[in-house]
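# Secondary and tertiary structure notes
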Amino acid sequence: VLLLIFYFSTEEERHLRANDRPFNLSYHYANNAIKTSKYNIFTFLPLNLFEQFRRLANAYFLFLFILQLIPQISSLSWFTTAVPLILVLSITAVKDASDDINRHKSDKQVNNQTEKWMNVQVGDIIKLENNQFVTADLLLLSSSEPLNLVYVETAELDGETNLKVKQALTVTGDMGDNIDELAGFTVQGTLTVNGQTYALDNDKVLLRGCTLRNTEWCFGLVIFGGPDTKLMQNSGKTTFKRTSIDHLMNVLVLCIFGFLASMCTVMAISNAIWEVREGSVFTAFLPREPGVDAALSSFLSFWSYVIVLNTVVPISLYVSVEIIRLGNSFYIDWDRKMYYPKNDTPAQARTTTLNEELGQIKYIFSDKTGTLTQNIMTFNRCSINGKGYGEKLCLYKNYNNTDKVDFLWNHLADPKFIFHDHSLVETVRAGNPEAQAFFRLLALCHTVMPEEKKEGELNYQAQSPDEGALVTAARNFGFVFRSRTPETITVVEMGKQVTYELLAVLDFNNVRKRMSVIGERNPEGKLTLYCKGADTIIYERLHPSCNKLMKVTTDHLNEYAGDGLRTLVLAYKDLDEDYMDDWKKRHHEASTAMDGREERLDELYEEIEKDLQLLGATAVEDKLQDGVPQTIEQLAKADIKIWVLTGDKQETAENIGYSCNMLREEMKDVFIVAANTAEGVKEELQRKMCPEAPEEASVIKARAGLFWCQKTETVQDEKVDGDYGLVINGHSLAFALEKDLQLELLRTACMCQTVICCRVTPLQKAQVVQLVKRYKQAVTLAIGDGANDVSMIKAAHIGVGISGQEGMQAVLSSDFSFAQFRYLQRLLLVHGRWSYLRMCKFLRYFFYKNFTFTFVHFWYAFFCGFSAQTVYDEWFITLYNLVYTALPVLGMSLFDQDVNDRWSFQYPQLYSPGQLNLYFNKKAFVRCMMHSCYSSLILFFIPWAAMYDTVRDDGKDIADYQSFALLAQTCLLVVVNIQLCLDTHYWTAVNQFFVWGSLAAYFAITFTMYSNGMFLIFTSAFPFIGTARNSLNQPNVWLTIFLTSLLCTLPVVAFRFILIQHKVRKEALPAPAPRRLPTRRISTRRSGYAFSHSQGYGDLVTSRRFLLKKPLKSRLALFTQTDSPLAENQPQHYRTIAEEPEEAQSP
């Protein structure tokens, strides 16, 4: 029985036996089912109501409803609160139920994949077949491939589409598909068989999220399932995200409660005074109830006024906010300019609660591979013997199909390969020895593994896309890598098959930054070392005779680097046979030595890789997604800072930084932080970018949040003398994120215009985001495409997933998703800005109309003996927020635009007010209250003065309570509608219909409710019989409405006019910043090496047991989407995103 014991850092032991479920279940390990849903059919109602009543406002209105059921204090009927409360709870419950149903569907889809993965338990031995998705962490036991290799695609994890190699232990691999043998050994952190111990490492583990490729079958043991898998552990904790406006509203609602309590207290005290001084006069004809004195009357009036004045906290506010957010989410879903037709992928707002936060982003944290780049490498330029080829290929030029080189002469050429310089083909076919040696080297010096599905159809399995691109280039130019064995490589050279004996592979690693192979050409027997690597490394090992050629090649390398291409230098050396025999003996001794093996091998490699002859250089493009540089430039103009957090090596990340215009040659300096000690990191971080800068970071401490109990620390921005960039690697970042250095890191990074963190882990990505969130008090956005970005996406205020061929893990954890990085500028500069503007307008207007409505009650209290009598009709109070004023403000909040989308792109500076939170804050709220106070004074005292001692045309008295109530509520409705019209920038037919329709509905409902028929049917419910027709036929009533509206509106218009005039005098409209044309960069910063980031598998390709099985097998291509322009190596074209329609974009 296989017994497994794993030790964790917490010293917890994990015991399991293969295929022994009773034993494994006794340890209660997590099963493999995934659950993200919150409710089931039985728990939905109680749990949902509990969650809803945890909201302060909902609990408050439930309390009000209970108060209204007490006759002694209820000044309003119960339905005025019950109807809105039930409506709010119902709408929210339906929305929550819909969201949870979708989560159930998603869980069911994941859990019911092939063979019902939800039923898999820890300790099971399972069989995987080609193209199956790995949904648990498995210990690889055996496979159908030579050397027990399996090929996995990790696009779901890291966004990389190139295949990775995993290898089982030989001792388990020999057992093949024999289940009895596979379940017959013991593992305790190491594998023990027949007394021999074998170590286990990450190459033996298949992680959840991988997909098995080009492997017929494999067997694995489930060691972690469900939430215990590495994928789920690294996903980070899901938190309920709320916008900054939500947090502000909580504080404001708390302040409003305090204000309401103070108003009610004033009313209660005033009632007590009035009862003592004046109330006794009325007891003769309006006696008090038994036991009620002035003190008790005052206490009861306090609660009565809590009910009357409750509209300062309108319950419909929360429903309206949800409707506005939902509507703005639909705009994102429906935006055809964010639809990617190639993959049939629309933009998607996966959450409806964060829209306005998109208009306040200050920091963007982006992954690189698959997010900024396509992770597709193309061979674009090369330098051979001092002559450059491929100059015609320009990143900003469109080509017709006639410009492409025709490779029909080579029947083994890859039809997807595209090149535009015909002279290179002519040079190779003319027999130029240097050109042929150049491509011969590319065809021999690599660890690519070939597959031939049928005669002439080659498929290369490359450890990295870079190697695949170089070998494919050699293939098309007449040097076709056809097959390999452990001892030989077969190449078809210009139609002639040649076999090379492979004597040694000097493999790549991060220290060597180069790779060499030693081959002997049969039958000539010529020994040659072929080497390719980083220019700085190869140049040190060249023969002095190459100095002149090296100078020319260096100029070409600078030119290629200026275009953002990844470069390699190629060199060779002819070897003496006697020397080679001696070297091989010493190499064998070193490779079998027990001590100092690596050091001895390195010495031998250094010895033979000297006095090389330079052949030339290659330039490979890591293709950016369309429009990435323009998007980054546009976002930078909007004062949004972009940090790139990538797992790639430093040279690659730097190159992409230059390609994206994030790093530029005109920058004053680009700091590299790569120290290996805390002291070294601190020294490298303490850069002087401004002479006046203090030694320590300036931190301001304050309090915020509900009840001001949350402590905040903010690192102040410092002025910088010039533009700077910062590049820091993962090892240094680990020291910099420690408590004593994190403020120094943040201070230095925020002074730089561009920050690139390379070789970072998923956890470090999340830590960087959390650091900025904690100390900058700014809104953050994280964007990525792989599972390694999930923790970062969850940590940021807004998470954006790139959906496409790279997998769906990031999308499933994101708040918004789309197919291309370039759509981010439309999401922020258009949808985000509009959403923020609309939400702020809505809140300002909503508080204005409700405070105005409530303050009129406050003034009326001084004329009704503080008895909590209402100014308005009860039906008007019930319908004011639900019917009369609901649709006009929703129309403004869903359709309003200050400028259209083209202007938003042309002037990205318009985005800045959202970052500074200028449109709605505590000051704006106070201004809103003052405006409401002024309007309420006009709305109460003008009608009161106009009605006082007034008579009708026929001499009858008009100054009764019901007529005054009708006049006051009519004036109020007209004034708030005029204010809404003044606030609306963008009129549509819908806005017009809502405004005029609401006024028409008010008069229709009023005349209906005040009619004789309603009074006769429901006498107690509709007491205002005849008031409407008796009052609204009087000219002085309409004159009063006009005068009130004029006095409320004129100050607003005058203030705005003066404000606009002041702004016009102060500053002219800023001209749109000129678009920086992409310029060629002459730089010495080049990609150090274009290979993978881990140790190569040269040992595998030279193994004696390699390729022992079927030579032809039906397998998937490495790049499966053959109709894709990107997979066809087409050149990168750019367009102006803001101006051209989607249909006009280049492929």
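How each quantity is defined
By convention here, each chain's residues receive numbers from 1 onward along its written sequence. Only residues with pLDDT of 70 or above have their local features reported here, since the model is predicted, and side-chain atom pairs are shown and tallied only from 80 upward, although totals for entire chains, interfaces and linings are computed over all residues. By convention in this description, side-chain values take in all heavy atoms of the structure and omit both hydrogens and water. UniProt positions are given in the numbering used here, feature names are shortened, and annotations may be inferred rather than shown by experiment. Under the scheme used here, helices are H or I runs from DSSP no shorter than 4 residues and strands are E runs no shorter than 2 residues, and both carry numbers assigned from the N terminus. Exposure is judged per residue with a 1.4 Å probe applied to protein chains only, and the accessible area is read against the type maximum: over 50% gives exposed, under 20% gives buried, and values in between give partly exposed. We get accessible surface area from the Shrake-Rupley algorithm with a probe of 1.4 Å; when it comes to residues, only the shown protein chains can shield them. For two strands to pair, DSSP has to find at least two bridges joining them. Here, axes are lines fitted to C-alpha atoms. For helices the fit covers the stretch in contact, and angles between N-to-C directions go from 0 to 180 degrees. Angle categories: roughly parallel below 35 degrees, roughly antiparallel above 145, roughly perpendicular from 65 to 115, and oblique for all the rest. We call two residues in contact whenever any of their non-hydrogen atoms come within 4.5 Å of each other. Lys, Arg, Asp and Glu make up the charged group, whereas Ala, Val, Leu, Ile, Met, Phe, Trp, Tyr, Cys and Pro make up the nonpolar group; the residues left over, Gly among them, are polar. Contacts described as polar in this section are N or O atom pairs within 3.5 Å, which, within protein, must combine one atom able to donate a hydrogen with one able to accept it, while residues neighboring in sequence count only if both atoms come from side chains. Residues enter patches when their relative accessible area tops 30% and they take part in no salt bridge; the joining distance is 9 Å for like charges and 5 Å for the nonpolar side chains Val, Leu, Ile, Met, Phe, Trp and Tyr. Take a side-chain nitrogen of Lys or Arg and a carboxyl oxygen of Asp or Glu: if they are within 4 Å of each other, that pair is a salt bridge. In this scheme, a helix's expected span is set at 1.5 Å multiplied by one less than its residue total.

An unreviewed UniProt entry lists the chain under the name Phospholipid-transporting ATPase, with Lates calcarifer given as the organism. For the record of the chain, the UniProt heading Catalytic activity (unreviewed entry) holds the text "ATP + H2O + phospholipidSide 1 = ADP + phosphate + phospholipidSide 2." Check the Cofactor (unreviewed entry) section of the UniProt entry for the chain; it says "Mg(2+)".

Our focus in this paragraph is the overall build of the chain. What the chain contains, in helices and strands, is 38 helices and 34 strands. The buried share among the 1147 residues of the chain stands at 57%. Just so you have it, the chain exposes about 49800 Å², and 57% of that area is on carbon and sulfur atoms.

Now for unusual backbone geometry. Phi at D611 takes a positive value of approximately 55 degrees, unusual for a residue other than glycine. With respect to the helices, strands and loops of the structure, D611 is situated in the loop between α18 (597–608) and β25 (613–624). Here A868, not a glycine, exhibits a phi torsion of approximately 65 degrees, which is positive. For A868, the position within the fold is in the loop between α27 (823–861) and α28 (874–884). Look at A868 and you get buried, because its relative accessible area is 2%.

Counting buried positions along β25 gives 11 out of 12 residues, so the element sits mostly inside the fold. Sheet analysis places strand β15 (residues 373–384) next to β25, joined by eight bridges and oriented antiparallel. Counted as the bridge partner of I384 is G616 from β25.

Attention shifts here to the packing of helix α33 (residues 961–983) against helix α34 (residues 989–1009). The interhelical angle for the contact between α33 and α34, taken along N-to-C directions, is 170 degrees, at an axis separation of 11 Å. Here α33 is positioned roughly antiparallel relative to α34, judged by the angle of their axes. Judged by residue contacts, L966, Q969, T970, L973, N977, L980 and C981 of α33 engage V995, L999, Y1002, F1003 and T1006 from α34. Among the residues forming the contact of α33 with α34, the class breakdown is eight nonpolar, four polar and no charged.

This part covers the side chain of T852. Inspection of the secondary structure assignment puts T852 in helix α27. Looking at T852, its side chain comes within polar contact range of the main-chain oxygen of Y848, at 2.6 Å. Excluding residues that lie within four positions of it along the chain, T852 makes contacts with S932, S935, S936, L939 and L972.

Bringing the sheet that holds strand β11 (residues 211–213) into the picture now. The three strands lie next to each other as β6-β5-β11, forming an open sheet whose pairing is antiparallel. Each end of this open sheet is capped by a strand with a single partner; those strands are β6 (163–167) and β11. Neighbour-to-neighbour, the strand axes of this sheet turn through a mean angle of 45 degrees, independent of strand direction.

Our next topic: a nonpolar patch on the surface. Side chains of F862, F863, L937, F941, W944 and Y948 sit close together on the surface and give an oily, nonpolar patch of about 570 Å² of accessible area. Counting through the fold element by element, L937 comes out in helix α32 (residues 922–947).

Let's shift gears to the pattern of salt bridges. On inspection of all chains with the given rule, the structure shows 29 salt bridges. Between K337 and D901 there is a salt bridge whose closest N-O contact spans 3.4 Å. Of the two residues, K337 is situated in the loop between α11 (316–334) and β13 (348–349) and D901 in helix α30 (residues 901–906); the sequence distance between them amounts to 564 residues. D901 gets classed as buried once you look at its relative accessible area, which sits at 16%. Residues D414 and K416 are paired through a salt bridge, measuring 3.7 Å at the closest nitrogen-oxygen approach. Connected through shared salt-bridge partners, R514, E540, R541, E606 and E609 make up one network.

On to helix α16 (residues 547–562). Counting along an α-helix, one turn takes 3.6 residues, and residues three or four places apart therefore face a common direction. For α16, which comprises 16 residues, the first-to-last C-alpha distance of 23 Å matches the rise-based estimate of 22 Å (1.5 Å per residue) to within 8%. Considered for burial, the residues of α16 that qualify are L549, T553, H556, L557, N558, E559, Y560, A561 and G562. Buried residues in α16 make contact with β15, β16 (387–389), α15 (535–539), β24 (566–574) and β25.

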